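# Chains, contacts and geometry: an overview
Here is how the chains run, residue by residue.
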Amino acid sequence: MTWWADATVYQVYPRSFQDTNGDGVGDLAGVRRRLGHIARVGADAVWLSPIYPSPGADLGYDISDYTAVDPLFGTLEEFDRLVDDAHALNIRVLLDLVPCHTSTAHPWFKERPGFYIWAEGRDGGPPNNWLSAFGGPAWSYDPGQGRWYLHSFYPEQADLDWRNPEVVAAVQDVIRFWAARGIDGFRVDAIDRLMKDPQLRDDPPAAVPFGLPVEGGGTLALTNSRNGPGIGKALAAIRAAAGDLFLAGEVYLPADAHPSFLEHLDTTFAFELFHAPWEAAALRQAIERGIELATPTRRGPAWVLSNHDFPRVATRWGAQHARAAAVLLLTLPGPVFVYQGEELGQLDGPGAERPIDRAGRDAHRHPVQWDPEPRAGFTDGIPWLEPVDPLERSVAVQTGDPLSVLELTRALIALRPHLEPGLLMLETEPGLVAFARGESHVVVVNTTAAWLPVPAAAEPLILTAPGGVRDGRLAPNAAAICPA
Ligand code: NOJ
Ligand code: CA
């Protein structure tokens, strides 16, 4: 069995994790200092969102040098120390591989224009109707070149042309560079954007809903601007360079489009569950669609409920559901990803006074709250984003409190290795999500504000609320894990 088969991966957004030099921005030394927390939570691996030099238009996802560490975060030597210390604690290290685009400040953009996707305009405007993920056309005019370049995200993020073999070789070198430094894998960014329609044809109008929140509100079927022909070959090239490193793909497509990615990647994120409303039927359906992906010869999805791009669980679904959501996530079979701060049930914040991220994602990126004091133990300086509610929620205060989200998260992660393989959804009350993990455990989640009958006779091993089961009923918003 591979180490990641049922692993819990802890996502660190380095900027917001722990500052050590008082500049108000988290850094690699901070991650190293807090490895003990990640180990105590019980994570098997840590994924670091981009740590590379970047002008910061997309806070690291616009890379200007793939094989260095942004001085804001530290140095390569500091990175090596972090990997050593993590490994000493039995924590694997994953980096963020961003193969689809570079910053327009990357030297390649000027020196190697053939690395990018260019086209002539149409009727004085962009070459086609493709939309950027953050709104507006996916093309910008470059006066120097006298033509348009493609950017699936911000205009500062030019899409690489994966039909150019030199691009493939260059990214393979990047993968080998980090592999040689001893990392254990990559989360692979926006991988459904690697290939587009080679003829750059318009996206047709959408005939059916896309299935996930997307640009343009889903008016276009995103069939030409992403997931184009040749994806298998491109992914095979990534796999060839990565060897047996763990590769988790950010495939932002509904589950039925994932099999071609799972032929080469080890897992792909289950975004349907991530974006499901907190309603039993929708949650059940999203889980089943993910489970069905796995076959005897194909891996299944990685489960995730939040990241640095979308509202946090307690904000999106409501703080009253944070515990039950943790039970749901951490009892699913296969790898799970936990975004920093979710182990405390942290909330979104107001963001920065003058927005830093133009797409409005500052709110989901407030610092981790370590201590009950105004700067939350995150920094001695002025934090780049203020902590949200450190007096109410912090690692220090929740540690040892059996009713806290933190201690619940620890207990759930500790239980994961004891859950038997497989998941069988159980027929129950409409407001419950209930499933059996093999023959070992039954998981029951109450999504409603009513007491509902529990489909398990035994005393719960884990219960999210004291007295949460009475007369065979589960309390509102509670969840229980019972021996089968
Ligand atoms: C997905 C990342 O999670 C997001 O933060 C980023 O803006 C886009 N990919 C583009 O790299
Ligand atoms: Ca710092």
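Residues numbered from 1 in each chain as written. Chains lettered and ligands numbered in written order. Predicted model: local features only at pLDDT ≥ 70, side-chain atom pairs only at ≥ 80, totals over all residues. Heavy atoms only, no water.

### Observations concerning the coordination of the calcium ion (ligand 2)
What counts, and what does not: Each metal's donors are the N, O and S atoms within 2.8 Å of it, or within 3.2 Å when it is Na, K or Ca, and because water is not part of the set, sites may look incomplete.
Within the protein, the atoms that donate to the calcium ion (ligand 2) are D19 (OD), N21 (OD1), D23 (OD), V25 (O) and D27 (OD), at distances of 2.3 to 2.4 Å. Read in sequence order, the donor residues coordinating the calcium ion (ligand 2) give the pattern D-x1-N-x1-D-x1-V-x1-D.

### A word on the site of ligand 1
Short version of the rule: When we say a residue is near a molecule or strand, we mean one of its heavy atoms is within 4 Å of it. Two N or O atoms form a polar contact when they lie within 3.5 Å of each other; inside protein one atom must be a possible hydrogen donor and the other a possible acceptor, and for residues adjacent in sequence the pair counts only when both atoms belong to side chains. All accessible-area figures derive from a Shrake-Rupley calculation using a 1.4 Å probe, and residue coverage is judged against the displayed protein chains alone. Throughout, the ten residues Ala, Val, Leu, Ile, Met, Phe, Trp, Tyr, Cys and Pro are labelled nonpolar, Asp, Glu, Lys and Arg are labelled charged, and all others, Gly among them, are labelled polar.
Around ligand 1, the surrounding shell holds 13 residues, and the nearest of these are D58, D189, H308, D309 and R361. Take D58: an N or O atom from its side chain is 2.5 Å from an oxygen atom of ligand 1. Between an oxygen atom of ligand 1 and a side-chain N or O atom of H308, the distance comes to 2.9 Å. In the complex, 98% of the free accessible area of ligand 1, which totals 290 Å², lies under the protein chains. Of the residues belonging to the shell around ligand 1, the class tally is three nonpolar, three polar and seven charged.

### Details of the sheet that holds strand β5 (residues 118–119)
The condition is simple: At least two DSSP bridges between two strands are needed for those strands to be called paired. Only runs of H or I of at least four residues qualify as helices and only runs of E of at least two qualify as strands under DSSP, and these elements are numbered from the N terminus.
Spatially, three strands are ordered β5-β7-β6 in an open sheet, and the strand pairing comes out antiparallel. Edge positions in the sheet fall to β5 and β6 (139–142), since each has one partner strand and no second. Both β5 and strand β7 (residues 147–150) contribute to a ladder of two bridges, which runs antiparallel. Among the inter-strand pairings, W118 is bridged to a residue of β7, identified as Y149.

### Things to note about the packing of helix α5 (residues 165–180) against helix α6 (residues 231–242)
The cut-off we apply is this: Orientation is described by lines fitted to C-alpha atoms, with helices fitted over the stretch in contact, and by angles between N-to-C directions that extend from 0 to 180 degrees. Helix crossings fall into two classes, left-handed where the near helix is turned counterclockwise from the far one by less than a right angle and right-handed where it is turned clockwise. Residue contacts follow a heavy-atom distance rule, with two residues in contact if any of their heavy atoms lie within 4.5 Å.
Following both chains from N to C, one finds α5 and α6 inclined at 35°, their axes separated by 8 Å at the closest point. Between α5 and α6 lies a crossing whose hand is right-handed. On the side of α5, the interface is formed by V168, Q172, I175 and R176, while α6 contributes A237, I238, A240, A241 and A242. Residues of the contact of α5 with α6, tallied by class, amount to seven nonpolar, one polar and one charged.

### Description of the packing of aromatic side chains
The relation between two aromatic rings is expressed through the spacing of the ring centres and the mutual angle of the planes. Our working definition: Any two of the Phe, Tyr and Trp rings considered here, Trp counted by its six-membered ring, make a pair once their centres fall within 6.5 Å; the pair's planes then place it as stacked at under 30 degrees, edge-to-face at over 60, or tilted in between.
Applying the stated criterion across every chain, the model contains 26 aromatic pairs. With a centroid separation of 5.9 Å and 70° between ring planes, the pair formed by F269 and F271 is classed as edge-to-face. Three or more aromatic residues joined by ring pairs make a cluster, and in this case those are W47, Y252, F269, F271, F274, F310 and F337.

### Remarks on the pattern of salt bridges
Just so we agree on the cut-off: The term salt bridge refers to a side-chain nitrogen of Lys or Arg lying within 4 Å of a carboxyl oxygen of Asp or Glu. Exposed residues in this analysis have more than 50% of their type's maximum accessible area, buried residues have under 20%, and partly exposed residues fall in between, with area computed by a 1.4 Å probe over protein chains only.
What the rule picks out here adds up to 27 salt bridges. In this structure, the salt-bridge partner of E166 is R112, at a minimum N-O distance of 2.7 Å. Placement of the pair is E166 in helix α5 and R112 in the loop between α4 (107–111) and β5, with a sequence separation of 54 residues. E166 gets classed as partly exposed once you look at its relative accessible area, which sits at 45%. Note that R365 and D309 form a salt bridge whose closest N and O atoms lie 3.4 Å from each other. With a gap of 56 residues between them, R365 in the loop between β13 (336–339) and α12 (395–398) and D309 in the loop between β12 (303–304) and α10 (313–316) connect regions that are remote in the sequence. Assessed through its relative accessible area of 1%, R365 is described here as buried. Shared partners join several salt bridges into a network, and the residues in it are D58, D309, D357, R361 and R365.

### Describing unusual backbone geometry
Positive phi, normally seen in glycine, also occurs at N90, with a value near 65°. Structurally, N90 is set in the loop between α3 (76–88) and β3 (92–97). Taking relative accessible area as the criterion, N90 reaches 57% and is therefore assigned exposed. Phi is positive for A190, which is not a glycine, with a value near 45°. On the secondary structure map, A190 appears in the loop between β9 (185–188) and α6.

### Section: the sheet that holds strand β14 (residues 424–425)
By way of backbone hydrogen bonds, the strands of a sheet pair with one another, either parallel or antiparallel. Taken in spatial order, the five strands line up as β14-β15-β16-β21-β18 in an open sheet, and their pairing is antiparallel. A single partner strand is all that each edge strand has here, and the edge strands are β14 and β18 (462–463). Pairing between β18 and strand β21 (residues 479–483): two bridges, direction antiparallel. Bridge pairing links I462 to I481 in β21. Against the sheet, helix α11 (residues 322–330) makes contact with β15 (432–437), β16 (441–446) and β21, and its axis sits at roughly 145° relative to β16, the strand it touches most.

### Re the nonpolar core
Keep this limit in mind: We define a nonpolar core as any set of buried Ala, Val, Leu, Ile, Met, Phe, Trp, Tyr and Cys residues linked to one another through side-chain atoms lying within 4.5 Å.
By size, the foremost hydrophobic cluster in this structure holds 134 residues, and its most contacted members are L48, F79, W162, W178, F186 and I287. With near-sequence residues (within four places) excluded, W178 lies in contact with Y52, Y66, T67, A68, V69, L76, F79, L95, I183 and F186. Counting eleven residues, the second largest nonpolar core, distinct from the first, contains L432, A434, A475 and A478.

Everything listed is a geometric property; what it means functionally is a separate question.
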